[in-house]
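Breakdown of the fold
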Amino acid sequence: MEESDELLFFINGHKVVEKNVDPELNLLTYLRNKLCLTGTKLGCGEGGCGSCTVMVSKYNPFQKTVIHVAVNACLAPLCSLHHTAVTTVEGIGSTTTRIHPVQERIAKAHGSQCGFCTPGFVMSVYTLLRNNPEPTMEEIEDTLQGNLCRCTGYRAILEGFSTFAKPSNCCGGSGGKNVCCKGQSGAAQLSPRLFEASEFKPLDPTQEPIFPPELLLPHESPQRTLSFKGDRVTWIQPTTLNELLTLKGRYPEARLVVGNTEVGIEMKLKNMLYPVILAPAHIPELNLSQRTETGILFGAACTLSYIRGQLKQAVAELPSYRTEIFKAVLEQLRWFAGQQIRNVAAVGGNIMTASPISDLNPVFMASNCLLALASEGSTRNVRMDGDFFTGYRKTVLKPQEILLSIEIPYTRKGEYFSAFKQAQRRDDDIAIVNCGMRVAFKEGTDVVEELGLSYGGMGPITVSAKKTCAQLLGKKWNKELLQEACSLLVDELMLSPSAPGGMVQFRRILSLSFFFKFYLSVLQKLGRDFERDIQVEPIPPEHLSATELFHKDPPSAVQLFQQVPPGESPTDVVGHPLAHLSSIKQATGEAVYCDDLPRFERELYLALVTSTEAHAKISSIDATEALKLAGVVCFLTAKDVPGSNETGHIIMDETVFAEGVVTCVGHVIGAIVADTEAHAQRAAKAVKIKYEKLQPIITIQDAIDHESFFFPPRKLENGNIELGFAQADDIIEGEMYIGGQEHFYLETQCTVAVPKGEDGEMELFISTQSPTQMQTLIAKALGVPANRIVCRVKRIGGGFGGKESRSSLLCTVVAVAAQKTKRPVRCVLNRDEDMLVSGGRNPFLGRYKVGFQKDGKIVAVDLKLYMNAGNSLDLSVAVMTRALFHMDNAYKIPNIRGVSYICKTNLPSNTAFRGFGAPQAMLLAECWMNHIVAKCGLPSEQVQRLNLYQEGDFTYANQKLEDVNIGKCWDECLESSSYHSRRKAVDEFNRQHRWKKRGLAIIPTKFGISFNAIFLNQAGALVHIYTDGSVLLTHGGTEMGQGLHTKMVQVASKALGIPVSRIHISETSTNTVPNTSPTAASVSSDLNGMAIYNACQILLKRLEPIKLANPNGTWEQWISAAYMDRVSLSAAGFFRTPDLNYDVEKNEGKVFNYYSYGVACSEVEIDCLTGDNKNLRTDIVMDVGNSLNPAMDIGQVEGAFMQGLGYFAMEELRYSPEGVLYTRGPGMYKIPSAGDIPTEFNVSLLRECPNRKAIYSSKAVGEPPLFLAASVFFAIKDAVVAARAASGVKGLFRLNSPATPEKIRNACIDNLTQMCSPAVPGTFTPWNVEV
Ligand SMILES: Cc1cc2nc3c(=O)[nH]c(=O)nc-3n(C[C@H](O)[C@H](O)[C@H](O)COP(=O)(O)OP(=O)(O)OC[C@H]3O[C@@H](n4cnc5c(N)ncnc54)[C@H](O)[C@@H]3O)c2cc1C
Ligand code: FES
Ligand code: FES
């Protein structure tokens, strides 16, 4: 090949010509690092979060039109963008030009909290609107399948964007008195909307930038082959098929890249290197779409979005019986990845990757699709049958061959097809098991003539159940066939109990469940089509529920809150639903996060070198090869730490770099510092470490067996437990395991350290919730006093506790590197590194013994709590302390004993996470409550209500409860959710449906507000008033999306009596407000709000004489006069929560300043055959005192609820028995997506409940609502009880958390589950273990 070609494309209307493009460079890195367009964010780098979404527009010569598609910039090779126009969030609007309506609406509808995901959402919807200015709500939801948000809970995002949708039946907020028609009855309950849609700028599609005319011209002249050469990879883009085939002949190992959604992942995460890449996207034969006599033929480079469009059209135009397979492909594509992936991924890429969990291959195999293969000088056709895949990711293709096209056949009368998929999450998830199933009957009969059953997820390749199919030929489609088919499938689709991917029993059950569904749906169709000719076995009506495809009604939501009383001063915005003050900047991409800081002169990049063993001695570390690689500056280990290598939280039991021994996979051993990120990461992989393995302890059970605990067990006790049990009418005992949770903040851990060159000074920009703690630990590592270290935080892209202590892992290392090299050093952890090293929520094992009376009244509770803390103590002891204080959830327990064990294991240290141990303890409480209810046979809500705390009760920590609002919340929630009538409706539904069951549950929560470490309950603030009257506010809290800065500005505005627009918060930094507590424990508004109030009062006092002298003066006049009078216009404020004096030894004194209360009622529907589930409705009533800002508070309630929903029903960390975390990215670890929000989601803030204990009568809200998602867990359990009852199985069963499809299905015992008995534990090594 000759010289590299020039790459020509447009970005935001500007022409860019790049010479010597490196084929390994992706669009995201180019935008952020080269063009400093940092609005597009890096959330995962693997196509799974959508935060990097941009719009790519190109002229499509095959469709002869300009098309606009949303793509993930993190997976888009820059080389693939020749002759395209890229639009980023900066290109559609900004605060300095005009804000685009998409940006305006997500911001003003409160759909942006931390804002890190916001540009991605904006660009997804912007692209949709470019193609379709008036989409339906369904299309909007579809477009957002590939966008994740960890903060908002999605409702606000969807509601903001719904204003673009074609009008639905909802009044859109004009249902009289400015309320929505869906608001509930009773004037006192009505609230204004949280935003005013009528104020939004209209969308004017004529205002959008045009497609660059220059990009239309080249298509008139012949194209030529392009090639781009990098250091390691060459990218060749041929224009004719012959050229492509010649090249493939010359480079048989070359990859053909269209969407790069497989190859990109292999190169990034699997360390693969492909020296030659062929890009066939421009070859006409590979882009063909043609209806033939036998089916529709698609070129292998056709994208999935394009195929979807073509198949939809065919289904609409052709007779239904001909399109059975098309409908099945469409059903698979509906749940295939997200829009951004479908827009670029090609069908050929899916087939040729030959993944055993491909969603399309089982369908193509069962339908016997015809594949055309070509190599230089020859073509051949092969059927996609059971012989096509020859091994894991291998096919019958020869190395020099390519896939040219696929023909998807029509079906004939009497031929039926279905496809099924079950995943952990419905939207954008890979399958656990999927399948394609086809049957053709002898004409006019129900005798099987042809049968194809193909499965994904049942082995290393897509498998065809050939034997089963052969045995069933000639048989009639009836119960006997069903029985025989299931017996045959069980034998044919055997999975080893150690099979990769785990979930073995579930997968085996699914393979039968899918056949059962297929069997019924074929019976149904036979009955419909051949009613008169064939005697088809009738299907009992209640069994039809097995055949229904998943559907969800349009979402609806109501938010109720107390309006500010009329007559308040216009400058007093406390209590108003003010939008997050940065939300517009977040939506335009102008908001600056840590890694958005422009590169410093001579800046270096750092990459971590971490342990691959859970427990081992380090025998040797060899960086020789790594140090020889391009760009590498140095390699650091423990000996390079100038100060102390010892670090930690609460106790100093960690190291900056491991010394001698590693105690978890992911333990930081060293770090490479290099000129670029790519060079640093490449070199980090080249560092060789040898280990001498030691016995690891991985699970809680291992720790119990080895008595590996951090401390001797700790006990919290009240009353007389033995006497309590003696008084009980009944006693129950049980156990529950509660899995951990990954924080999955969208912005990963990040630090930029800038040495100042003198006196050991260093300035650090850190994405952390604890600037002070980081300052202390950095100073210790560097061996300098804390006064040389400044830690600055402008905003962070989500924290949830994961950036409270664990940020020190990275920032100490980066600081050491900056000190050593005397140059600025940056590091942003990749998503997989972040998940590997930073730990998460502590897994718990709870054991209980509970005594109660006949009416359900609790008399004694005896608990053992075990937590998996990981390899260091971190905050686990504090987490356990909070767990011990929340063992009662919201119930009065006269005699109680809780004994806690903090297990020391060889996992990365677990840490703070929203709720901080309380959710685990409260879930256990609801577990035993559920057990009591089942045992005493009374209605659940009656027993729960009976035990709720009352005003004046004492907790078991001997704190008297005042202003107990739990009863109020309970009664309002029961009523507003119509609990009693819906209970009846659920029971009725369950009688009528055998394979779908509904469940309903109502759950209370009580959450103590204060840090348990008393000294942390303090805060500082600094308020400067400048001579023009503007105010600069600083306080100790960090802004992480919760709207803290907005609330603090509201507080200062009210306190000073000036408009919000006069007040600014720039950042949080250790040199303005020192010695701050972490932004945690939900108390930041309480503490910092009071400190700000205090500072404002000091200033007002100083201004008093000036105001008296000129009572009619303006703020500006008073400030000017004060300045001239030499009055100090700067004040520091301080606050310490009074009266906190809990004494652990005596178990007395005040442990919490006050409590927050809430209640939620949820209804779910489960598919008993697959474990699939959907949330039909959730009603929440939350006590937030007098809300400082109802929009923020409702945002916190919804966001916490959805995070809790992930915790209790979806998110599953999976570890190997050797302690290796498998779930290291959004591909395997599923957090809730927009499709998971309850179809009806109603949130009400309790009215008239001022809180005397906090600023302006407000209450904390960050953590308390998370636990309310337990209502979903127990609604699921309720539904499973109904499913088991339908199989005649009564009595209790254990359901561990999270209630995933696997756990649901395995618990719904029926004939199919009984055919798949699990292997006996201990007889095999499982793929994964519960830690
Ligand atoms: C976030 C995310 C979500 C995903 N979700 C799903 C999902 O839900 N279901 C699912 O099945 N998959 C999923 N995938 C996998 C992937 O998107 C699909 O397999 C996709 O169809 C691959 O197409 P591509 O064009 O991007 O492939 P590329 O990465 O461009 O290529 C993939 C492979 O195919 C080979 N190849 C491509 N075309 C040809 C050809 N014509 N002849 C010979 N070889 C060829 C290449 O050499 C390469 O080895 C997901 C991937 C990501 C990143
Ligand atoms: S960063 Fe690209 S999808 Fe997550
Ligand atoms: S606002 Fe969506 S991730 Fe924070």
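Before reading on, note that the structure itself is shown above.
It should be emphasised that the depicted structure is a prediction, and the values quoted were computed from it without experimental measurement. (Residues numbered from 1 in each chain as written. Chains lettered and ligands numbered in written order. Predicted model: local features only at pLDDT ≥ 70, side-chain atom pairs only at ≥ 80, totals over all residues. Heavy atoms only, no water.)

1. Observations regarding the overall build of the protein chain
The helix and strand inventory of the protein chain stands at 35 helices and 47 strands. For the protein chain, the C-alpha radius of gyration of 31 Å lies close to 34 Å, the compact-globule estimate for 1331 residues. Among the 1331 residues that make up the protein chain, the fraction classed as buried is 63%. Pairs at least 24 residues apart make up 78% of the contacts formed inside the protein chain by residues separated by at least 6 positions. By element, 52% of the accessible surface of the protein chain is carried by carbon and sulfur atoms, the whole surface being about 47,300 Å². Of the side chains in the protein chain, 132 bear a positive and 139 a negative charge, and the two mean positions are spaced by 0 Å. (Helix = DSSP H or I, 4+ residues; strand = E, 2+ residues; numbered from the N terminus. Rg over C-alpha atoms; globule rule 2.2 N^0.38 Å. Buried < 20%, exposed > 50% of the residue type's maximum accessible area, 1.4 Å probe, protein only. Contact = heavy atoms within 4.5 Å. Areas by Shrake-Rupley, 256 points an atom, 1.4 Å probe, with all protein chains shown as cover. Lys, Arg positive; Asp, Glu negative; His and termini not counted. Charge placed at Lys NZ, Arg CZ, Asp CG, Glu CD.)

2. Comments concerning the pattern of salt bridges
Using the criterion set out here, one finds 74 salt bridges in the structure. Counted as one network, the salt bridges with shared partners bring together Arg32, Lys41, Asp595, Asp596, Arg599, Glu603 and Arg826. (Salt bridge = Lys/Arg side-chain N within 4 Å of Asp/Glu carboxyl O.)

3. Notes on the sheet that holds strand E12 (residues 370-375)
Read across the open sheet, the five strands follow the order E10-E11-E16-E12-E13; overall the sheet is antiparallel. Of all strands in the sheet, those bounded by a partner on one side alone are strand E10 (289-291) and strand E13 (378-383). Each adjacent strand pair in this sheet contributes to an overall mean axis angle of 20°, direction not counted. For strand E11 (residues 295-299) and strand E16 (residues 402-409), the ladder comprises five bridges, and the chain directions are antiparallel. For Leu297, the partnering residue across the bridge sits in E16 and is Glu407. Those strands touched by helix H9 (residues 324-334) are E11 and E16, and its axis lies near 120° from that of E16. (Pairing = 2+ DSSP bridges. Axes fitted to C-alpha atoms, helices over the stretch in contact; angles between N-to-C directions.)

4. Describing the nonpolar core
Grouped burial of nonpolar side chains is what soluble globular proteins tend to show. Ranked by internal contacts, the top residues of the largest apolar core, which has 430 residues, are Tyr455, Trp477, Phe515, Ile672 and Trp928. With 14 residues, helix H15 (residues 504-529) is the largest single contributor of residues to this core. Residues Leu8, Phe10, Ala85 and Phe211 belong to the second largest nonpolar core, which totals five residues. (Core = buried A, V, L, I, M, F, W, Y, C linked by side-chain atoms within 4.5 Å.)

5. Regarding the sheet that holds strand E35 (residues 825-828)
Pairing between the strands of a sheet comes from backbone hydrogen bonds, and it takes one of two forms, parallel or antiparallel. Reading across the sheet, the eight strands line up as E24-E28-E22-E35-E32-E33-E34-E43 and stay open at both edges, with mixed pairing between neighbours. For this open sheet the edge positions go to strand E24 (632-636) and strand E43 (1068-1069), each flanked by a neighbour on one side alone. Relative to strand E28 (residues 668-674), strand E22 (residues 604-610) runs antiparallel, the two being bridged by six bridges. Paired with Tyr605 across the two strands is Ala674, which belongs to E28. Relative to the sheet, helix H18 (residues 677-686) contacts E22, E24 and E28, its axis offset from that of E22 by approximately 20°. Contacts from helix H22 (residues 807-821) reach E22, E24, E28, strand E32 (750-755), strand E33 (762-766) and E35, with the element oriented near 25° to E32.

6. A short note on empty space enclosed by the protein
Scanning the entire structure with this criterion turns up 12 cavities of 30 Å³ or more. Estimated volume of the largest cavity: approximately 170 Å³. Lining the largest cavity are 17 residues, with Gln424, Arg426, Asn1173, Met1210 and Asp1236 sitting closest to its centre. Breaking the lining of the largest cavity down by element, the ones donating at least two residues are strand E17 (415-423), strand E46 (1173-1182) and helix H32 (1190-1209). When residues in the lining of the largest cavity are grouped by element, the largest group, three residues, is from E46. Looking at the lining of the largest cavity residue by residue, the classes come out as six nonpolar, five polar and six charged. The calculated volume of the second largest cavity comes to roughly 120 Å³. (1 Å grid on protein atoms, 1.4 Å probe; cavity = no way out; pocket = protein on both sides within 12 Å on 5 of 7 lines; lining within 4 Å. Points joined across faces, edges and corners; volume = space filled by probe spheres on them. Nonpolar A, V, L, I, M, F, W, Y, C, P; charged D, E, K, R; others polar.)

7. So, the packing of aromatic side chains
The final tally for this structure, using the stated rule, is 28 aromatic pairs. Ring plane angle 85° and centroid distance 5.0 Å describe the contact between Phe388 and Phe389, whose orientation is recorded as edge-to-face. Grouping residues by exposure puts Phe388 and Phe389 together as buried. Ring plane angle 15° and centroid distance 4.6 Å describe the contact between Tyr866 and Tyr901, whose orientation is recorded as stacked. One end of the pair, Tyr866, is in strand E37 (residues 858-870); the other, Tyr901, is in strand E38 (residues 895-904), with 35 residues separating them in the sequence. Tyr901 shares its class with Tyr866; the two are buried. Counting every residue linked through ring pairs, the aromatic cluster contains Tyr416, Phe441, Trp477, Phe515, Phe518 and Tyr519. Here the guanidinium or amino end of Lys413 rests over the ring plane of Tyr321, the centre of that ring lying 5.0 Å away. (Phe/Tyr/Trp six-rings, centres within 6.5 Å; stacked < 30°, edge-to-face > 60°. Lys NZ or Arg CZ within 6 Å of the ring centre and 35° of its normal.)

8. Some points on the pairing of E11
Counting buried positions along E11 yields five of five residues, so the element is predominantly enclosed. Pairing between E10 and E11: three bridges, direction antiparallel. Looking at the pairing, Ser289 lines up with Phe298 of E11. Counting the residues between successive antiparallel strands, the hairpin from E10 to E11 contains three residues.

9. Description of the pairing of strand E25 (residues 646-649)
Relative to strand E26 (residues 651-655), E25 runs antiparallel, the two sharing three bridges. The partner of Glu646 across the bridge, within E26, is Thr655. Counting the residues in the hairpin turn of E25 and E26 gives one residue, including Ile650, whose phi is positive at 70°.

10. Re the side chain of Asp428
Among the secondary structure elements, Asp428 is positioned in the loop between E17 and strand E18 (431-441). Look at Asp428: it is buried, it has no salt bridge, and the nearest opposite charge is Arg425 at 4.4 Å. Once residues within four sequence positions are removed from consideration, Asp428 is found in contact with Gly48, Gln145, Gly146, Trp335, Ala337, Gly338 and Lys1230.

11. Remarks on helix H27 (residues 966-976)
The element H27 is largely enclosed, with a buried count of eight among its 11 residues. Within the sequence span of H27, burial applies to Ile966, Gly967, Cys969, Trp970, Glu972, Cys973, Leu974 and Ser976. Buried-residue contacts for H27 involve helix H26 (940-947), helix H28 (979-992), strand E39 (996-1009), strand E45 (1154-1167), E46 and strand E47 (1240-1245). Where H27 ends, the next residue or the one after it, Ser978, has phi of about 50°, a positive value.

12. What about the site of ligand 1?
In the vicinity of ligand 1 lie 31 residues, with Val258, Gly259, Thr261, Asp359 and Leu403 positioned nearest. The backbone of Gly259 places a nitrogen or oxygen atom 2.9 Å from an oxygen atom of ligand 1. Protein chains shield 93% of the accessible area of ligand 1, which is 990 Å² for the free molecule. No other element matches helix H11 (residues 347-353), which puts five residues into the shell around ligand 1. In terms of residue class, the shell around ligand 1 is made up of 15 nonpolar, nine polar and seven charged. (Near = heavy atom within 4 Å. Polar contact = N/O pair within 3.5 Å; in protein donor to acceptor, adjacent residues only side chain to side chain.)

13. Points about unusual backbone geometry
Residue Pro1298 follows Ser1297 across a cis peptide bond; omega there is 5°. Its location among the elements puts Pro1298 in the loop between helix H33 (1270-1286) and helix H34 (1301-1307). You will see that His83, though not glycine, has its phi angle at about 60°, which is positive. Positioned with a positive phi, Glu707 is a non-glycine residue whose angle comes to about 50°. Summarising the element assignment, Glu707 is placed in the loop between helix H19 (700-706) and strand E30 (714-718). When its relative accessible area of 63% is taken as the criterion, Glu707 is described as exposed.

14. Section: the environment of Leu1268
Looking at where Leu1268 falls in the secondary structure, it is placed in the loop between E47 and H33. Distance in space between the C-alpha atoms of Leu1268 and Arg831 is 28 Å, their sequence separation being 437 residues. What Leu1268 contacts, discounting residues up to four positions off in sequence, is Ile1003, Pro1004, Thr1005, Gly1158, Val1159, Ala1160, Ile1180, Met1182 and Phe1201.

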